[in-house]
Amino acid sequence: MLINRHKIAALLTAAAVLLTGCGPFTGFYVYDVSSEDGGIETKANDALISVGFSQLGSESTWRSANTESVKAALSTGNGFFLIFDNARQKQEKQFKAVRNFISQRVDYIVICPVIQEGWDVVLAEAKDAGIPVILLDRNISVNDESMYTSFIGEDMYAEGASAGKWLEEYLDSRGKSEEDINIVVIEGTSGSSAKEGRAQGFGAIAARHMNWKMLASATGEFTQTKGKETMARLLGEFDDIDVIVCQNDDMTFGAIEALKEAGVKTGGVGEPVLISFDGTRKALELVKEGVINVDVECNPNSGELLAQIINDLEAGREVDKAYYMEEKVFTKENVDEYIEDRNY
């Protein structure tokens, strides 16, 4: 499939006709290659900027919101032709997608990497092809940072540290700053920058408190099902848990199911403290109810910033190596200010 601004007008017309037959045309066309081995030959149309986007999966509400943000921003109406691939949380599938994008000669490649390591070879291939690579949401670890142009996403370390600082203040306000505090952590995908960053940030604050006892850290793979399974196992192993840290909302929802089945309530006086990350509407409703004590925002709406940076590159302007999304910390005291505007 030869893309590099080789987008056939008939393809877009056909897409519009198909979409119109099912409902109103939404203004963007996404060529989804997630389940395809091949492609289509297209003719030149230099009006559109072609972008190959490898999304790591659809494991959570947050991830779906992030995907929709990118699709909306990289629309044909905004001057883009988006080729989307869902890696279903498999790094090898992302490698295949990137190589397909290279063979299609897209103008830009955007990757939400499943894990940090292992990217040197395939990014070197993109660099040799002269295709700029932009990382979205999650970062990577490479020997040569020139192999990618920019990172757009969240400061996962800062998110973890924010959760730790909130816990410091919470315990102090309740006169528990000197008590032993038993903590369990349900972590995300092993090797991902989200898991590593949040763990390191929270760990840096925990290291200041010798009375914070880290009972266990176990993976929940960023999914509700695995979060429930892991929480149930931890409840079977420990009967004195004071703080539960879940590294995303979907794992928190699963943990809450397991806690309810075990007859354990959270959030109140004398009950385990529940800390979450993401800030989805469903989670913010649970913050308002007092089930979740605090939810550290992870902003998925990075599509507009991504489009802006690609347009800057098109115009020959320099871009920064990293851009971080604005993020908040939600508690029962402030959640009413934001919950009604939450779009995911």
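Residues numbered from 1 in each chain as written. Predicted model: local features only at pLDDT ≥ 70, side-chain atom pairs only at ≥ 80, totals over all residues. Heavy atoms only, no water.

## A word on the overall build of the protein chain
The cut-off we apply is this: Counting from the N terminus, the helices are the DSSP runs of H or I reaching at least four residues and the strands are the DSSP runs of E reaching at least two. Whether a residue is buried, partly exposed or exposed follows from its accessible area with a 1.4 Å probe, protein chains only, as a fraction of its type maximum: under 20%, in between, or over 50%, in that order. With residues, only the protein chains shown are counted as cover, and all accessible areas are computed by Shrake-Rupley using a 1.4 Å probe.
On a plain count of helices and strands, the protein chain comes out with 10 helices and 13 strands. Residue burial in the protein chain is summarised as follows: out of 344 residues, 55% are buried. Within the structure as shown, the protein chain displays about 14900 Å² of accessible surface, and the carbon and sulfur contribution to it stands at 48%.

## Focus on the packing of helix α2 (residues 61-73) against helix α10 (residues 303-314)
The line we're drawing: Only the contacting stretch of a helix is used when fitting its axis, a line to C-alpha atoms as for every element, and angles between N-to-C directions run 0 to 180 degrees. Any angle that falls under 35 degrees is termed roughly parallel, while one over 145 is termed roughly antiparallel, one within 65 to 115 roughly perpendicular, and all others oblique. The hand of a helix crossing depends on one turn: near helix anticlockwise from the far one by less than a right angle means left-handed, and clockwise means right-handed. Contacts are assigned to residue pairs with any non-hydrogen atoms lying within 4.5 Å of each other.
In contact at an axis separation of 7 Å, α2 and α10 are set at 40° when each is read in the N-to-C sense. As far as their axial angle goes, α10 and α2 are oblique. For the element pair α2 and α10, the recorded crossing hand is right-handed. In this structure, α2 contributes Ser69, Val70 and Ala73 to the contact, and α10 contributes Gly303, Glu304, Leu306 and Ala307.

## Side note on the packing of helix α5 (residues 156-173) against helix α6 (residues 193-206)
The cut-off we apply is this: Residues were grouped as follows: Ala, Val, Leu, Ile, Met, Phe, Trp, Tyr, Cys and Pro as nonpolar; Asp, Glu, Lys and Arg as charged; and all remaining residues, including Gly, as polar.
The interhelical angle for the contact between α5 and α6, taken along N-to-C directions, is 35°, at an axis separation of 6 Å. Note that α5 runs across α6; the crossing there is right-handed. Between α5 and α6, the contacting residues are Met156, Tyr157, Glu159, Gly160, Ala161, Ala163, Gly164, Lys165, Leu167 and Glu168 on the first element and Ser193, Ala194, Gly197, Arg198, Gln200, Gly201, Phe202, Ala204 and Ile205 on the second. A class-by-class count of the residues in the contact of α5 with α6 yields nine nonpolar, six polar and four charged.

## Some details on the packing of aromatic side chains
Just so we agree on the cut-off: Each Phe, Tyr or Trp ring (for Trp, its six-membered ring) is paired with any other whose centre lies within 6.5 Å, and the angle between the two planes then decides the class: stacked below 30 degrees, edge-to-face above 60, tilted in between. In this analysis the charged atom, NZ for Lys or CZ for Arg, is taken to sit over a ring once it is within 6 Å of the ring centre and within 35 degrees of the ring normal.
Counted according to the given criterion, the structure contains six aromatic pairs. Ring centres of Phe330 and Tyr338 lie 5.3 Å apart, and the angle between their planes is 65°; on these two criteria the pair is classed as edge-to-face. Owing to a relative accessible area of 0%, Phe330 belongs among the buried residues under this scheme. Here Lys71 stacks its cationic end above the ring of Phe84, 4.6 Å away from the centre of that ring.

## Considerations on the pattern of salt bridges
Once their charged atoms are close, side chains differing in charge can pair, the charge on each being opposite to the other. Heads up, the rule is: Counted as salt bridges are all cases of a side-chain nitrogen of Lys or Arg within 4 Å of a carboxyl oxygen of Asp or Glu.
Taken as a whole and assessed by the stated rule, the structure comprises 21 salt bridges. Ionic pairing is found between Lys93 and Asp85, a salt bridge with its closest N-O pair at 3.3 Å. Its relative accessible area of 21% is what places Lys93 among the partly exposed residues. In this structure Asp85 comes out as buried when scored by relative accessible area, which is 5%.

## What about the sheet that holds strand β13 (residues 329-331)?
The cut-off we apply is this: One requirement defines pairing of two strands: DSSP has to find at least two bridges between them.
Strand order across the open sheet formed by six strands is β8-β7-β9-β10-β11-β13, with mixed pairing between neighbours. Of all the strands in the sheet, the pair left with one neighbour each is β8 (212-219) and β13. Strand after strand, the sheet turns through a mean of 20° between neighbouring axes, direction not considered. Relative to strand β11 (residues 294-297), strand β10 (residues 273-278) runs parallel, the two being bridged by four bridges. Bridge pairing in β11 places Ile275 opposite Val294. Packed on one face of the sheet, α5 meets β7 (181-187), β8, β9 (243-246), β10, β11 and β13 and runs near 155° to β10.

## As for the nonpolar core
Let me state the cut-off plainly: What is meant by a nonpolar core is a set of buried Ala, Val, Leu, Ile, Met, Phe, Trp, Tyr and Cys residues, joined one to another through side-chain atoms within 4.5 Å.
Among the nonpolar cores identified, the biggest contains 32 residues, and Ile186, Met231, Leu234, Ile244, Cys246 and Ile292 are the most heavily contacted of them. Those elements that provide at least two residues to this core are α2, β7, α7 (224-237), β9, α8 (249-261) and α9 (281-289). Considering every element that reaches this core, the biggest residue donor is α8, with six residues. In contact with Leu234, not counting residues within four places along its chain, are Val184, Ile186, Ala216 and Ile241.

## A few points about the confidence of the model for the protein chain
As a reminder, the rule being used: Per-residue confidence from the predictor is reported as pLDDT, which spans 0 to 100.
With 87% of its residues at a pLDDT of at least 70, the protein chain reaches an overall mean of 89. Per-residue pLDDT stays below 50 along residues 6-29; that stretch engages in 38 contacts with residues further than four places along the chain or on separate chains. Here residues 35-44 is modelled with pLDDT under 50, and outside its nearest four sequence neighbours on either side it reaches 21 contacts, counting other chains as well.

## A closer look at the layout of surface pockets
To keep things clear, this is the line we draw: Whether a set of points on the 1 Å grid over the protein atoms alone is a cavity depends on a 1.4 Å probe fitting there but being unable to get out, while an open set qualifies as a pocket with protein on both sides within 12 Å along at least five of seven lines; lining residues are those with an atom within 4 Å of a point. Grid points are joined across faces, edges and corners, and a volume is the space filled by probe spheres set on the points.
Here the largest pocket is characterised by a volume of approximately 300 Å³. Along the walls of the largest pocket sit 15 residues, with Trp166, Tyr170, Arg174, Asn293 and Glu333 positioned nearest its centre. Of all the elements, α5 adds the most residues to the lining of the largest pocket, at four residues. Its residues placed into classes, the lining of the largest pocket shows five nonpolar, six polar and four charged. Of the pockets and cavities examined, the second largest pocket occupies roughly 250 Å³.

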